[in-house]
Structure formats: structure tokens, C-alpha cells
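Results of the structural survey
As a plain string of letters, each chain reads:
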Amino acid sequence: MSSSETERPSGAASPAEPATGALPAVAPRLRALRRQASLTLEAAARAAGLSPAHLSRLETGQRQPSLPMLLALARVYGTTVAELLGEKAAERDSVIRAADMEPTAAGGWTYWQAGAPGRGMQALRVHVPHGSQGDIVRVHPGEEWLHVLRGRLRLRLGDTTHRLAPGDSAHFDSLTPHRIAAEDHDGVELLFVHTLLQSPTAALCLGSTPGDMS
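The present account deals with the structure reproduced in this document.

Rules used throughout
- Residues numbered from 1 in each chain as written.
- Predicted model: local features only at pLDDT ≥ 70, side-chain atom pairs only at ≥ 80, totals over all residues.
- Heavy atoms only, no water.
- Salt bridge = Lys/Arg side-chain N within 4 Å of Asp/Glu carboxyl O.
- Buried < 20%, exposed > 50% of the residue type's maximum accessible area, 1.4 Å probe, protein only.
- Helix = DSSP H or I, 4+ residues; strand = E, 2+ residues; numbered from the N terminus.
- Pairing = 2+ DSSP bridges.
- Axes fitted to C-alpha atoms, helices over the stretch in contact; angles between N-to-C directions.
- Phe/Tyr/Trp six-rings, centres within 6.5 Å; stacked < 30°, edge-to-face > 60°.
- Lys NZ or Arg CZ within 6 Å of the ring centre and 35° of its normal.
- Contact = heavy atoms within 4.5 Å.
- Core = buried A, V, L, I, M, F, W, Y, C linked by side-chain atoms within 4.5 Å.
- Arc of directions from axis to C-beta.

Side note on the pattern of salt bridges
In this structure the tally under the stated criterion is seven salt bridges. Overlapping salt bridges bring together Arg31, Arg34 and Glu59 as one network.

Details of the pairing of strand E9 (residues 169-173)
With burial as the criterion, only one face of E9 is covered, namely that bearing Ala170 and Phe172; the residues Ser169, His171 and Asp173 on the opposite face remain uncovered. The pairing of strand E6 (residues 143-150) with E9 spans five bridges and is antiparallel. In the sheet register, histidine 147 faces E9, and the bridge partner there is serine 169.

A word on the sheet that holds strand E10 (residues 178-182)
One open sheet accounts for three strands, arranged E8-E7-E10; its pairing is antiparallel. One side of each edge strand has no neighbouring strand; the edge strands of this open sheet are strand E8 (160-164) and E10. In this sheet, neighbouring strand axes are inclined to one another by 20 degrees on average, regardless of whether the strands run parallel or antiparallel. Summarising the sheet, strand E7 (residues 153-157) and E10 pair through five bridges and their orientation is antiparallel. Note that in E10 the partner of arginine 154 across the bridge is alanine 181.

Overview of the packing of aromatic side chains
Under the counting rule described, the total for this entry stands at zero aromatic pairs. The ring centre of tryptophan 112 lies 4.2 Å from the NZ or CZ of arginine 125, which sits over that ring.

Observations regarding the sheet that holds E6
The sheet built from six strands is open, its strands ordered E3-E4-E5-E11-E6-E9 with antiparallel pairing. Lying at the two open borders of the sheet, with one neighbouring strand each, are strand E3 (104-106) and E9. Geometrically, the sheet is characterised by an average inter-axis angle of 25 degrees between neighbouring strands, direction not taken into account. Inspection of the sheet shows E3 paired to strand E4 (residues 109-113) by three bridges, in the antiparallel sense. Its bridge partner lying in E4, threonine 104 is registered against tyrosine 111. In this fold helix H4 (residues 67-76) packs onto E3, E4, strand E5 (121-128) and strand E11 (188-195), with an angle of close to 40 degrees to the strand it touches most, E4.

Some details on the nonpolar core
Residues Leu55, Leu70, Leu73, Tyr77, Tyr111, Leu153 and Leu155 are the most contacted members of the largest nonpolar core, which totals 42 residues. Ranked by residues supplied to this core, first place goes to H4 with eight residues. With sequence-adjacent residues up to four places away left out, leucine 55 is seen in contact with Arg34, Leu41, Ala44, Ala45, Leu73 and Tyr77.

Some thoughts on helix H1 (residues 26-36)
Every buried residue of H1 is listed here: Val26, Ala27, Leu30, Leu33 and Arg34. The buried residues of H1 occupy an angular sector of 130 degrees when the element is viewed end-on, so they sit on one face. Exposed residues lying more than 90 degrees from the buried face of H1 are Pro28, Arg35 and Gln36. Tucked inside the fold, the buried residues of H1 contact helix H2 (41-48), helix H3 (52-59), H4 and helix H5 (81-84).

Written out as C-alpha cells, the structure reads:
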């Protein structure tokens, strides 16, 4: 789910999404953060599990990053997706009001920041549409916790598939290859918390795991 994750659908490389203008401020911010971290394009791309050419296109606005890519780059640069998108909570407020949560679309998902930036973990409310990124395997350092609010979730952890209903939760080591998919055509809505770790080992790429998610 999250990343320094290298994302790759089963049997194929994940195609880049064309820039749509939905995240206009991200491209220059990605370049500025990389330079602030004193990382070359090659080093930053390797740490995030991307190719240098792909990262270059993200930095020039030729491609729009997916949510997993934003998560991966946020870890590499020691920041959060909220700050990558220019969303800053005043003085790291402890309380996040529902009215202040603006939806952001990335990689087919819609998510809302449910926690303050600059913390050791990041909290999101996420809507995953049916058929969106269900074949993408993710693996990265850290831990993840998710809780199903609405709909049914199919969660693959290693070689085991779990089906979660509203009210069910999962807490797992993110180094376990994992992927999620919505069981229902209306999608699934989750609360999602993950740790924010900077690690040179974050760019682990397993591609697809054996078998399907049936």
C-alpha cells in the first residue's frame, strides 16, 4: 500500500500516468526537496524504487505521481505526502477537523489526510475503487495498520489472502509483500496508518507474487 514501494502490476511494468494538472505544485517541490536532501536524480530514484527517467518526468510535470509514488518519495526526502502537496497544518495541530480534510486523487485512489504532517507516522482515510491497483505488490520498511470503514477488502499478505469486512483491521510488517483490492463494485473505504521511515533498503521490488488473489 504505501511505498518506498516499487509498484509493478502482474506481468507488466506499471505505466506512468499522464500529467493532468491535478497536482500542479508537486513537480517543482519534488525537485527542490531532492536538491535539499543533496541527492542526485539517480540516487533518489533508486531509493524510491523508480527509474531516473521516470523521476525526471515527475519533476518536470510530464507525469503525475500515484499515491504509492508520493509515499515512496516522501520517505526518501524525510517528509510527508501532505507536505509534498503543500498541505501544512498550522503548528502541527493535534486535532484535524473533518471540514479541513481536502480530498486528493492519486493513482486511482482518493485520500484524505487524517493526521498532522511532520510526525513519525502518517494517517490517511483512503477510498480504493473496485479494480484499482489490485495487482500491484508493495514491500517497504515499516509497519502498516488499516481498518475497514465501508465495503469489503481483499488483502494479500505473502501467500495468504484475507477478506476483511467493515470493522475488521489488519496490522502487519510492511516488508511482507502485500497488495489490496476492493471486493465490492462501490469500492472500499479505509483508515490507514503507516510509519514514515527513511531507508536505503526501501527500493525493494518483487514484481508480482506467485498465484492470484482469488
